[in-house]
Amino acid sequence: MTAGWAWLALIASGVVDVAWAFSMKKADGFRDTPWALVSIVLLVVFVVLLIKALEVLPLGTAYAVWTGIGAAGSVAVGILIFGEPATAARLFWIALVLAGIVGLKLQAA
């Protein structure tokens, strides 16, 4: 796998991680069986994609990028879908996380 494909796999893994977090919320503590099954499938998909990306990318940078995508994406889903608060402080801290991710990506390039 080339570095370009590894970054693509990492980003895809982060996006699937956000979908997994959404499905976990919908699974309601695994009381909603269809959503619980969806969450298990998404878990497997994001782990496989992350493993493939880690074959090429540096662990620290890749994991920071992956968790940042998951964190920022989950905050966005929480705000847009679940009506969680979009306070200035929350948005500032997520922006700071994203700035750190960009910095790490630039260092890995």
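Structure: above.
Please read all numbers here as calculations on a predicted model, not as lab measurements. (Residues numbered from 1 in each chain as written. Predicted model: local features only at pLDDT ≥ 70, side-chain atom pairs only at ≥ 80, totals over all residues. Heavy atoms only, no water.)

(A) Focus on the overall build of the protein chain. Each helix and strand counted, the protein chain has four helices and zero strands in total. Along the protein chain, helices and strands appear, N-terminal first, in the series α-α-α-α. On the principal axes, the C-alpha backbone points of the protein chain span a range of 40 × 35 × 15 Å. Across the 109 residues that make up the protein chain, the buried fraction comes to 28%. (Helix = DSSP H or I, 4+ residues; strand = E, 2+ residues; numbered from the N terminus. Buried < 20%, exposed > 50% of the residue type's maximum accessible area, 1.4 Å probe, protein only.)

(B) How the structure looks around the side chain of Ser 39. In this fold, Ser 39 is placed in helix α2 (residues 33-54). A distance of 2.6 Å separates a polar side-chain atom of Ser 39 from the backbone oxygen of Ala 36. In contact with Ser 39, other than residues within four places in its own chain, are Trp 20, Ser 23, Met 24 and Phe 30. (Polar contact = N/O pair within 3.5 Å; in protein donor to acceptor, adjacent residues only side chain to side chain. Contact = heavy atoms within 4.5 Å.)

(C) Region of interest: helix α1 (residues 3-27). Taking 1.5 Å of rise per residue, 25 residues should cover 36 Å, and α1 covers 35 Å from first to last C-alpha, within 8% of that figure. Taken together, the buried positions of α1 are occupied by Ala 6, Trp 7, Ala 9, Leu 10, Ser 13, Gly 14, Val 16, Asp 17, Val 18, Ser 23 and Ala 27. Phi turns positive, to about 55°, at Asp 28, one or two residues after α1. (Expected span 1.5 Å × (residues − 1).)

(D) Up close: the packing of aromatic side chains. Under the defined criterion, the tally for this structure stands at six aromatic pairs. Through successive ring pairs, a cluster of aromatic residues spans Trp 20, Phe 46, Tyr 63 and Trp 66. Directly above the aromatic system of Phe 82 lies the positively charged group of Lys 25, at a separation of 5.7 Å from the ring centroid. (Phe/Tyr/Trp six-rings, centres within 6.5 Å; stacked < 30°, edge-to-face > 60°. Lys NZ or Arg CZ within 6 Å of the ring centre and 35° of its normal.)

(E) How the structure looks around the side chain of Ser 23. The topology assignment puts Ser 23 in helix α1. Every residue in contact with Ser 23, bar those within four places of it in the chain, is listed here: Trp 35, Val 38, Ser 39 and Leu 42.

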